[in-house]
Amino acid sequence: MSKSYRDGLPINPEKFVDQLMRLKRGSIGRREFLGLTGLGVATAVMARELGIMPSPAFAQEGLGDRMSIATWPNYHDPATFENFKAETGVAVEVNVFGSNEEMLAKLQAGASGWSLFVPTNYTISTYKKLDIIEALDMAKLANFDGSQQDPRFTGEGTIDGATYAVPKNWGTTGFAVNTKKLTKPVTSWKEFWDTAMTEGDGRTMVHDYQLTTIGNALKYYGFSFNSLKQDELAKAEELLLKVKPHLFAVSSDYQPSMRAGDAWLTMCWTNDGAQLHRDIPEIAYVLGKEGGEIWTDFYAIPKDAPNKPAGYALLNYLMDPKVAVKEHLANGAPSTDARVNALLPKEVLDNPILYPAAELLTPLEFGAAATLTDPARAELMARFKSA
């Protein structure tokens, strides 16, 4: 037997545990986990035989026995989906994506297999225009209360009086810095990029996501995060190509590398910043003083969802404040729902990573819809990644 199968595992135990923790954090989906560990179909068969996976006989009537959600890395409490399965008999497959462009391409290709997904605020109007999401039947979402939502973060889910998406949480895009490895303060996007080429050489990560990677390169020069101007994008590209040889990786799944100490500096979303700082206090989360991004993520249902009843059931379940508060405590992103905030511990509400001071939020920009499909930005990102 090959050495890779010692202890009966298709990979060595240490690597198996690493991949299992990534699965638990939501960094990879179940299918990718099975592929990476080599467990594959055999595991699925064993799981069903042992009763780990639900069979249709135990599924709640009309919901089937499985559904799929497309979401972001490290974005859910795994117990949420386990509890949903226990209540309904529906197993939830989690598909993890690194950018809204990936989600859009998958939906446009058809047959995504998703019954629920998590788009960011600026993309919803494009999905509606392309007729690939449906207006939600709010009668099926008894746990949602629009009057309890903070209107600063929720408007883009409603178009022409119809609700196409309901908010999950909001947050910011800053950067995480290991202050034990990089002792010189990094307080701005200019310092972020300069550090990537100096003290952080070979230890810096940026998102595999044009909105934030290009947007924060634009901030180096004081331009708008959402700029589509040809001359400004040319300056951003010049910077990105200059930085590229110094990067550790281009990836939106940066937590494993930051936790392992392989990366010391990374573009970072609120929830990841809170998780990293909670577990490794020397990793600080910083909002660049020039500005950057503020965002809301929503839940929406694709028009071709294969299991809409389960999609609505899971969405309604996630809108229950008692469920949502556990999600927020696990993933570290602030809530748009006053009912959820009322259940959060004071130390969470007082956490400056989750709820920054108003003056820090003032220079931040919401992503603009035009950036999602702008060919110049898409081509720039492609050139950067292939360089």
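These numbers were taken from a predicted model, which means no experiment stands behind them. Numbering of residues starts from 1 in every chain and runs along the sequence as written. Reporting in this predicted model follows two pLDDT cut-offs: at least 70 for local features of residues, and 80 or more for side-chain atom pairs to be given and counted; totals over whole chains, interfaces and linings ignore these cut-offs and use all residues. Excluded from the side-chain calculation are hydrogens and water; included are all heavy atoms of the structure.

What follows is about the environment of Thr-71. Only DSSP runs of H or I reaching four residues or more are called helices, and only runs of E reaching two or more are called strands; each is numbered from the N terminus. Along the chain, Thr-71 turns up in strand S1 (residues 66–71). Among the residues examined, Thr-71 registers a relative accessible area of 0% and is labelled buried. Separated by 46 residues in the primary sequence, Thr-71 and Phe-117 place their C-alpha atoms 5.8 Å from one another. Once residues within four sequence positions are removed from consideration, Thr-71 is found in contact with His-76, Val-94, Asn-95, Val-96, Phe-97, Met-103 and Val-118. As used in this structure description, the phrase polar contact means that two N or O atoms lie within 3.5 Å; if the pair is within protein, one of them must be able to donate a hydrogen and the other to accept it, and residues adjacent in sequence are counted only when both atoms belong to side chains. At 2.8 Å, the side chain of Thr-71 and the side chain of His-76 are in polar contact. The buried label applies to any residue whose accessible area, calculated with a 1.4 Å probe on protein chains only, is under 20% of its type's maximum; exposed applies above 50%, and partly exposed to all values in between. Contacts are residue-level and defined by heavy atoms, with any inter-residue pair within 4.5 Å sufficient.

Here we take up the nonpolar core. One recurring pattern in soluble globular proteins: nonpolar side chains tend to sit buried together. In this text, buried Ala, Val, Leu, Ile, Met, Phe, Trp, Tyr and Cys residues form a nonpolar core when linked through side-chain atoms within 4.5 Å. Residues Ile-69, Leu-116, Phe-117, Tyr-299 and Leu-314 are the most contacted members of the largest nonpolar core, which totals 74 residues. A total of six residues in this core trace back to one element, the largest contributor, which is helix H12 (residues 308–318). Core analysis: the second largest hydrophobic core is formed by 28 residues, Val-206, Ile-214, Phe-223 and Leu-247 among them.

Looking now at helix H4 (residues 78–88). Within H4, burial applies to Thr-80, Phe-81, Phe-84 and Thr-88. The buried residues of H4 all sit within an arc of 90° when viewed along its axis, so they share a single face. What the arc describes is the spread of directions from the helix axis to the C-beta atoms.

Moving on: the confidence of the model for the protein. For the protein, per-residue confidence averages 88 on the pLDDT scale, and residues scoring 70 or more make up 84% of the total. Considering only residues more than four positions removed or in separate chains, one finds that residues 1–9, a stretch of pLDDT under 50, has 10 contacts. A residue's pLDDT is simply how confident the predictor is in it, with values from 0 to 100.

Every axis corresponds to a line fitted to the C-alpha atoms, with the helix fit spanning only the stretch in contact, and the corresponding angles, defined between N-to-C directions, vary from 0 to 180 degrees. Running from N to C, helix H9 (residues 230–243) and helix H18 (residues 375–386) point in directions that differ by 15°, and their axes come no closer than 10 Å. Comparing their axes, H18 and H9 come out roughly parallel. Two packed elements cross with a definite hand, and for H9 against H18 that hand is right-handed. Between H9 and H18, the residues in contact are Leu-233, Glu-237, Leu-240 and Leu-241 and Ala-376, Arg-377, Leu-380, Arg-383 and Phe-384, respectively. An angle below 35 degrees is treated as roughly parallel, one above 145 as roughly antiparallel, one from 65 to 115 as roughly perpendicular, and anything else as oblique. A crossing counts as left-handed when the near helix is turned anticlockwise from the far one by less than a right angle, and as right-handed when that turn is clockwise.

The next point concerns helix H8 (residues 210–220). Residues three or four positions apart in an α-helix share a direction because the helix packs 3.6 residues into each turn. Among the 11 residues in H8, 11 count as buried, and that is most of the element. Considered for burial, the residues of H8 that qualify are Gln-210, Leu-211, Thr-212, Thr-213, Ile-214, Gly-215, Asn-216, Ala-217, Leu-218, Lys-219 and Tyr-220. At the exit of H8 stands Gly-222, carrying a positive phi of roughly 85°.

Let us look at the sheet that holds strand S3 (residues 116–117). Should DSSP find at least two bridges between two strands, the strands are taken to pair. Reading across from one edge, S2-S1-S3 is the order of the three strands in this open sheet, with parallel pairing throughout. The open sheet has two edge strands with one neighbour each: strand S2 (91–96) and S3. Bridge analysis of S1 against S3 gives two bridges, and the strand direction is parallel. What sits directly across from Ile-69, in S3, is Leu-116.

Another aspect to go through is the packing of aromatic side chains. Any Phe, Tyr or Trp ring, taking Trp's six-membered ring, that has another such ring centre within 6.5 Å forms a pair; planes under 30 degrees apart are called stacked, those over 60 apart edge-to-face, and the others tilted. Here the structure, examined in full by the defined rule, presents 17 aromatic pairs. Arranged with centres 6.3 Å apart and planes meeting at 75°, the rings of Trp-170 and Tyr-355 form a pair that is edge-to-face. Of this pair, Trp-170 sits in strand S6 (residues 166–178) while Tyr-355 sits in the loop between helix H15 (346–349) and helix H16 (358–361), placing them 185 residues apart in sequence. Its relative accessible area of 3% is what places Trp-170 among the buried residues. Between Trp-189 and Phe-192, the aromatic rings sit 5.1 Å apart at their centres with planes inclined by 65°, giving edge-to-face as the arrangement. Taken as a pair, Trp-189 and Phe-192 lie in helix H7 (residues 189–196) at a separation of three residues, close to a single helical turn. With respect to burial, Trp-189 and Phe-192 carry one shared label: buried. Each member of the aromatic cluster is reached from another via a ring pair, and the members are Trp-72, Tyr-209, Tyr-254 and Trp-269. When the NZ atom of lysine or the CZ atom of arginine is within 6 Å of a ring's centre and also within 35 degrees of its normal, the charge is said to sit over that ring. The aromatic ring of Tyr-312 is capped on one face by Lys-140, whose charged end is 4.8 Å from the ring centroid. Across from the ring centre of Phe-384, 5.3 Å away, lies the NZ or CZ of Lys-244, which sits over that ring.

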